[in-house]
Amino acid sequence: MALEARIRKDFGSFCLDVDIQAGAETLGFLGASGCGKSLTMRCIAGIERPDEGYIKVDGRVFYDSAAGINLTPQERKTALLFQNYMLFPNMTIEQNVAAGIGREVPKAEAAAIVERELARFSLAGFQKRYPAQLSGGQQQRVALARMLAAKPDILMLDEPFSALDSHLKGVLEQNLVDLFAAFEGTVLYVSHDIDEALRFCDRIAVVDKGRILEVDTADELVNDPKSEAALKLSGCKNAVAYAKSGPREVWVPRWGVHVGTEEEVPFETGVLGVRAFFLERAAGPGENCYRMRVDRVSDSRFDRSVLLAFVDRAEQDCATVSREDDEMRFLHQHLFWRVDKLACPEDGLPRVGDELWIRIPKGRIYLVSG
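Computed from a predicted structure; not experimentally measured. (Residues numbered from 1 in each chain as written. Predicted model: local features only at pLDDT ≥ 70, side-chain atom pairs only at ≥ 80, totals over all residues. Heavy atoms only, no water.)

**Some words on the overall build of the protein**
Of regular secondary structure, the protein possesses 10 helices and 21 strands. Its C-alpha atoms put the protein at 80 × 50 × 35 Å along the principal axes. Residues counted as buried form 47% of the 370 residues belonging to the protein. Residue pairs in contact within the protein that sit at least 24 positions apart in sequence constitute 67% of those at least 6 positions apart. Carbon and sulfur atoms form 48% of the exposed surface of the protein, whose accessible area is close to 18,200 Å². (Helix = DSSP H or I, 4+ residues; strand = E, 2+ residues; numbered from the N terminus. Buried < 20%, exposed > 50% of the residue type's maximum accessible area, 1.4 Å probe, protein only. Contact = heavy atoms within 4.5 Å. Areas by Shrake-Rupley, 256 points an atom, 1.4 Å probe, with all protein chains shown as cover.)

Right under this line is the structure:
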């Protein structure tokens, strides 16, 4: 393994406790803000010191609490790209790229490295400029060039696109393709965007409240999530608690309905998930078919998001909550449906106040531990 880390850091109200192994791959860290993704990176880079554990990269010990080893960030030779790129404003572009190259490297060799990396990221001709004279995209390319010039043992990127608009983000993502193609080793990539993680990462670690709940390939995370956090982070809009009511049936209190499942229900209680675009319009009553009322719609360029209320709710342990009383609980009583506007004629799109029948396909249901 290129990276082995088992670290713990306790802040009292929050505890980071992670166990990571990664080879020559891009490993994503996916989770909500404050879950411990960036803190893990900072510990590996030596910016933060864990309370206990160890960190090894290619067999070299960066940190070992038992052995009293704690290398400085400079000794660790890692490359960590932050959201704001951390360029030196008083240095030229070539000086910024050269900043990570060790002093033991001869000047002529260092100059050749800088020239090569500037060319790789289409920055030839910008050597004498300063960061303030470059666009945001050019500044990012400088930061990426500096990372490779330093020849680090491990690359780490902490949400590098979070402050960019969608168009610029799409263009700059291609820079990362060049970076990853040129680097032979472990890349750690922090994100809270599932689509971004799927595009770049070979495997994805789901992080929640300081712990790694599961590590999956992109396909596994989307098609076979194993935890509530993974279910929600994978973009599933309908994720609600259930209680087992039969071998292949669950009771969903928030919706006030029973739902049949294709597979045997694995847990007495857990979380049921179904993706908004998997729901189907039905002609009438049937298995897993429910009479629904359209309470709200909102449009994007190609989809209509629909908020559906269960008309025939069983009020057993699930009294209906009004929007005025509790907005979040009101929303969670609903089923989220996504309609493809390109595949549905305008007069067939659901509108507020419509009553219709919706089927939850048995084969599209996820059941995970709560």
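**Some details on the pairing of strand β4 (residues 52–57)**
Side chains G53, I55 and V57 of β4 all project onto a buried face; the interleaved residues E52, Y54 and K56 project onto a face where none is buried. In this structure, strand β1 (residues 3–10) lies alongside β4, joined through 6 bridges in antiparallel fashion. Following the sheet pairing, E4 is matched in β4 by K56. Looking at chain direction, β4 and strand β5 (residues 60–64) are connected through 4 bridges and run antiparallel. (Pairing = 2+ DSSP bridges.)

**Observations concerning the state of the cysteines**
For the structure shown, the criterion picks out 0 disulfides. Note on C43: no disulfide assigned, nearest cysteine sulfur contributed by C15 at a separation of 11 Å. Sulfur of C201: no disulfide; nearest cysteine sulfur belongs to C35 and is 14 Å away. (Disulfide = S-S within 2.5 Å.)

**Focus: the side chain of R76**
Here R76 lies in helix α2 (residues 73–76). No salt bridge forms around the buried R76; measuring N to O, its nearest opposite-charge neighbour E75 is 6.9 Å away. One polar contact links the side chain of R76 to the main-chain carbonyl oxygen of L71, over a distance of 2.9 Å. When neighbours within four sequence positions are excluded, R76 is seen to be in contact with C43, I44, A45, G46, I55, R60, F62, Y63, N70, L71 and D153. (Lys, Arg positive; Asp, Glu negative; His and termini not counted. Salt bridge = Lys/Arg side-chain N within 4 Å of Asp/Glu carboxyl O. Polar contact = N/O pair within 3.5 Å; in protein donor to acceptor, adjacent residues only side chain to side chain.)

**Focus on the pattern of salt bridges**
Tallied over the full model, the rule gives 21 salt bridges. When salt bridges that share partners are traced, they join R6, R8, D10, D17, D19 and R211 into one network.

**Comments concerning the packing of helix α4 (residues 107–120) against helix α5 (residues 136–149)**
The geometry of α4 relative to α5 is characterised by a closest axis approach of 9 Å and an angle of 140 degrees between their N-to-C directions. Classified by the interaxial angle, the pair formed by α4 and α5 is oblique. Along this stretch, α4 crosses α5, giving a crossing that reads as right-handed. For the pair α4 and α5, contact is made by I113, E117 and R120 and by A145, L148 and A149, respectively. (Axes fitted to C-alpha atoms, helices over the stretch in contact; angles between N-to-C directions. Parallel < 35°, antiparallel > 145°, perpendicular 65-115°, else oblique. Left-handed = near helix turned anticlockwise from the far one by under 90°.)

**Digging into the sheet that holds β5**
With antiparallel pairing, the 5 strands of this open sheet are ordered in space as β2-β1-β4-β5-β6. A single partner strand is all that each edge strand has here, and the edge strands are β2 (15–22) and β6 (69–70). Sheet contacts for helix α1 (residues 37–45): β1, β2, β4 and β5; angle to β2, the most-contacted strand, approximately 70 degrees.

**Some thoughts on the environment of Q140**
In this fold, Q140 is placed in helix α5. For the pair Q140 and V294, spaced 154 residues apart in sequence, the C-alpha to C-alpha distance is 45 Å.

**What about the packing of aromatic side chains?**
Each aromatic ring pair is specified by the distance between its two centres and by the angle formed by the two planes. Summed over the entire model, instances satisfying the criterion amount to 6 aromatic pairs. Measuring from centroid to centroid gives 6.5 Å for F180 and Y189, while their planes differ by 85 degrees, and the two rings are edge-to-face. Accessibility classification places F180 together with Y189 in one group, the buried group. Just above the ring of Y54 sits the side chain of K56; from NZ or CZ to the centre is 5.4 Å. (Phe/Tyr/Trp six-rings, centres within 6.5 Å; stacked < 30°, edge-to-face > 60°. Lys NZ or Arg CZ within 6 Å of the ring centre and 35° of its normal.)

**So, the pairing of β5**
Across a regular strand the side chains alternate sides, sitting on one face of the sheet and then on the other. Hairpin remark: β4 followed by β5, antiparallel, with 2 residues in the connecting loop; positive phi at D58, about 50 degrees. Pairing of β5 with β6, which is carried by 2 bridges, proceeds in the antiparallel orientation. Across the sheet, the residue bridging to Y63 is N70, located in β6. Hairpin connection from β5 to β6: 4 residues lie between these consecutive antiparallel strands, with G68 at a positive phi of about 70 degrees.

**As for the sheet that holds strand β21 (residues 366–368)**
The strand order β14-β13-β12-β15-β21 describes an open sheet built from 5 strands, whose pairing is antiparallel. Two strands bound the open sheet, and with one partner strand each, they are β14 (257–260) and β21. Shown here is a sheet whose adjacent strand axes are inclined to one another by a mean of 40 degrees, direction ignored. Of the strand pairs in this sheet, strand β15 (residues 269–274) and β21 are connected by 3 bridges, and their pairing is antiparallel. By the bridge assignment for β21, V271 is matched with V368.

The values reported here are purely geometric and, on their own, carry no functional implication.
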